[in-house]
Amino acid sequence: MRTTVELPPELMRAMKSEAAARGETVKEFLARAVSHELGTVEGGRPRKRVKLPLVPATKSRKVDITNDDIEAIFAAEDAEKYRAQ
């Protein structure tokens, strides 16, 4: 089906650029974007929803971690990675 859509020039440029970067035509890009917004996959079928949690937890535990803890973990991983080289 054919239709006309009027878009602001900056949005049209961004859409063309993104479609080209993905190796799609503008038509393919728009069809995918609209399908995504409507929650369907190609063919008009409803997209299956993922219900979380994917893996049920046996116990509910809180993790107490700070940014300093995360930085220390990354530093240790980097040290181990570069030591192996």
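See above for the structure.
Only a predicted model underlies this, so the values are computations on that prediction, with no experimental measurement involved. (Residues numbered from 1 in each chain as written. Predicted model: local features only at pLDDT ≥ 70, side-chain atom pairs only at ≥ 80, totals over all residues. Heavy atoms only, no water.)

## Some points on helix α2 (residues 26-38)
The α-helix advances 3.6 residues per turn, and as a result positions three or four apart in sequence lie on the same side. Over its 13 residues, α2 extends 18 Å from the first C-alpha to the last, a length consistent with the 18 Å expected when each residue adds 1.5 Å. One or two residues past the end of α2 sits Gly39, with phi positive at roughly 75 degrees. (Helix = DSSP H or I, 4+ residues; strand = E, 2+ residues; numbered from the N terminus. Expected span 1.5 Å × (residues − 1).)

## Description of the pattern of salt bridges
Side chains that carry opposite charge are capable of pairing whenever their charged atoms lie near each other. For the coordinates displayed, the defined rule picks out 2 salt bridges. The closest approach of N and O atoms between Glu18 and Arg22, which form a salt bridge, is 2.8 Å. Of the two residues, Glu18 and Arg22 are both situated in helix α1 (residues 9-22); the distance of 4 residues between them amounts to about one turn of the helix. The class of Arg22 is partly exposed, set by a relative accessible area of 46%. For Glu24, the salt bridge is made with Arg32, and the minimal N-O distance between the two is 3.0 Å. Note on Arg32: relative accessible area 35%, which makes it partly exposed. (Salt bridge = Lys/Arg side-chain N within 4 Å of Asp/Glu carboxyl O. Buried < 20%, exposed > 50% of the residue type's maximum accessible area, 1.4 Å probe, protein only.)

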